[in-house]
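Structure assessment
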Amino acid sequence: MQNENIEIVVIEDEEDILELIEYHLSKEGYAVTGFLSTENVEQFLEEETPSLMLVDRNLPGMEGSDFVAYLREIGYDIPVIFLSAKDKESELEEGFEAGGDDYMSKPFSPKELTLRVKALLKRSGVLQKQQRIKYKLLTMDLENKALTVDGQSVLLTNLEFNLLHTFMKNIDKALTRDFLRDEVWGSDGEGVNDNAVNVAINRLKNKIDPKNEQNYFHPVWGVGYKFS
């Protein structure tokens, strides 16, 4: 899924609400990590770089906006959406002054939540980055299904585009032909034999690297192919 590399942190002390948020964001393809309090979040941020945080205001230990203000002080600029039953103007103001980028009053609809998440990810440039994948001379525009090789447009069939996208998401990994059939051909893959997979890869190779100068594709004996 296109969003799978976008990680979102959710800090919410009500377990049922946390699970509901995690469920709806995971369904959209995001990687989600949930916390019931601010404890351990800072340690997590030292090791991971999430694209967005959803933070409940009314948390045990440290109030949500105080925690975000603290993160801003020590240099974290991760976009934040506050979740709260606190919806008076003065409380909204507190949230924004603490470094929040958006505010959702409880109760909220899951649809509104996913739309606001998407809007903030677009504003912060994360989604646009996800829509282009670059490797060596190749740039894939996932939104328009277009490929350029060293700045020149190269026309691919839908199947070739999906095949290249699968390899570009799995650089340096040996991929079996069965895996490629599932990912690229999907439900039509049952009728596709090993030779047809090899032919599709050769056609793609001839389009993106006709002189084999970049040497993208490597057969892996007994497994399949590796793209590097």
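Position numbers for residues count from 1 along each chain, tracking the sequence in the order it is written. Local features in this predicted model are restricted to residues whose pLDDT is 70 or higher, and side-chain atom pairs enter the listing and the counts only when it is 80 or higher, whereas totals over whole chains, interfaces and linings include all residues. Hydrogens and waters are ignored; side-chain quantities use all the structure's heavy atoms.

The pairing of strands in a sheet comes from backbone hydrogen bonds and takes either a parallel or an antiparallel form. Within the open sheet, the five strands sit side by side as 2-1-3-4-5. Their pairing is parallel. Edge positions in the open sheet fall to strand 2 (31–35) and strand 5 (102–105), since each of these has one partner strand only. Strand-to-strand, the axes of this sheet are offset by a mean angle of 20°, without reference to chain direction. A pair of strands is labelled paired if DSSP reports no fewer than 2 bridges between them. Working definition: helices are DSSP H or I runs of at least four residues, strands are E runs of at least two. Numbering for both runs from the N terminus. Of the strand pairs in this sheet, strand 3 (residues 52–56) and strand 4 (residues 80–84) are connected by four bridges, and their pairing is parallel. Paired with M53 across the strands is V80, a residue of strand 4. A contact between two residues is defined here by any heavy atoms of the two lying within 4.5 Å. Note on definitions: angles span 0 to 180 degrees between N-to-C directions of axes, and those axes are lines fitted to C-alpha atoms, for helices only across the stretch in contact. Contacting strand 1 (7–11), strand 2, strand 3 and strand 4, helix 1 (residues 15–27) runs over the sheet at an angle of about 170° to strand 2.

Looking now at the UniProt feature "modified residue: 4-aspartylphosphate" (unreviewed entry) in the protein chain. Within this structure's numbering, the places UniProt gives as "modified residue: 4-aspartylphosphate" (unreviewed entry) are D56. Tracing the backbone through its elements, the reader meets D56 in strand 3. Relative accessible area serves as the criterion here: at 2%, D56 is assigned to the buried category. Leaving out residues up to four positions away in the same chain, D56 has contacts with I11, E12, D13, G64, L83, S84 and K106. UniProt positions are given in the numbering used here, feature names are shortened, and annotations may be inferred rather than shown by experiment. Burial here depends on accessible area, computed with a 1.4 Å probe over protein chains only, as a share of the maximum for the residue type. Under 20% is buried, over 50% is exposed, and the range in between is partly exposed.

Ring geometry is summarised as follows: Phe, Tyr and Trp rings, the Trp one being its six-membered ring, pair when their centres sit within 6.5 Å, and such pairs are stacked at plane angles under 30 degrees, edge-to-face over 60 and tilted between the two. Within this structure, the stated rule accounts for seven aromatic pairs. Judged by centre distance (5.2 Å) and plane angle (5°), the ring pair of Y216 and F227 falls under stacked. Linking Y216 in the loop between helix 9 (194–208) and strand 11 (217–220) with F227 in strand 12 (residues 224–227), this pair joins segments that are eleven residues apart in sequence. Both residues of the pair, Y216 and F227, count as buried. Connected via pairs of aromatic rings, a cluster forms that spans Y135, F167, Y216, F217 and F227. Geometry around F82 places R57 over its ring, the cationic atom sitting 5.9 Å from the centre. Working rule: Lys NZ or Arg CZ, within 6 Å of ring centre, within 35 degrees of ring normal, means a charge sits over the ring.

Moving on to the nonpolar core. By nonpolar core is meant a set of buried Ala, Val, Leu, Ile, Met, Phe, Trp, Tyr and Cys residues that side-chain atoms within 4.5 Å join together. Formed by 28 residues in total, the largest nonpolar core has its most connected members in L138, L147, L164, F167, I208 and F227. Looking at this core, the elements with two or more residues in it are strand 6 (132–135), strand 7 (138–141), strand 8 (146–149), helix 7 (158–168), helix 8 (177–185), helix 9 and strand 12. In this structure, L164 is in contact with L138, M140, L147, L156, L204, I208 and F227, ignoring residues within four places of it in sequence. Among the nonpolar cores identified, the runner-up in size contains 19 residues, and L18, L52, L54 and L127 belong to it.

Let us now look at the environment of L163. One can find L163 in helix 7. In the structure, L163 is positioned 48 residues away from L115 in sequence and 30 Å away in space, judged by C-alpha atoms.

Take the pattern of salt bridges next. One side-chain nitrogen of Lys or Arg within 4 Å of one carboxyl oxygen of Asp or Glu is enough to make a salt bridge. On inspection of all chains with the given rule, the structure shows ten salt bridges. Between R181 and D178 there is a salt bridge, and its shortest N-O distance comes to 2.7 Å. In this pair, R181 and D178 are both assigned in helix 8, three residues apart and thus about one turn of the helix distant. Relative accessible area serves as the criterion here: at 12%, R181 is assigned to the buried category. Of the residues examined, D178 reaches a relative accessible area of 48% and is grouped as partly exposed.

Of the residues making up helix 8, those classed as buried are L180, R181, V184 and W185. Along the axis of helix 8, the buried residues cluster in a sector spanning 105°; they form a single face. Where helix 8 is buried, its residues contact helix 7, strand 10 (174–176) and helix 9. Phi turns positive one or two residues past the end of helix 8, at G186, with a value near 60°. Picture the helix axis, draw a direction to every C-beta atom, and the arc is the one those directions span.

As a further point, take unusual backbone geometry. Omega for the bond connecting K106 with P107 falls within 30 degrees of zero, at -5°, which places this linkage in the cis form. By the secondary structure assignment, P107 is in the loop between strand 5 and helix 5 (110–123). Non-glycine residue K145 carries a positive phi angle of around 50°. Tracing the sequence through the fold places K145 in the loop between strand 7 and strand 8. What makes K145 partly exposed here is its relative accessible area of 41%.

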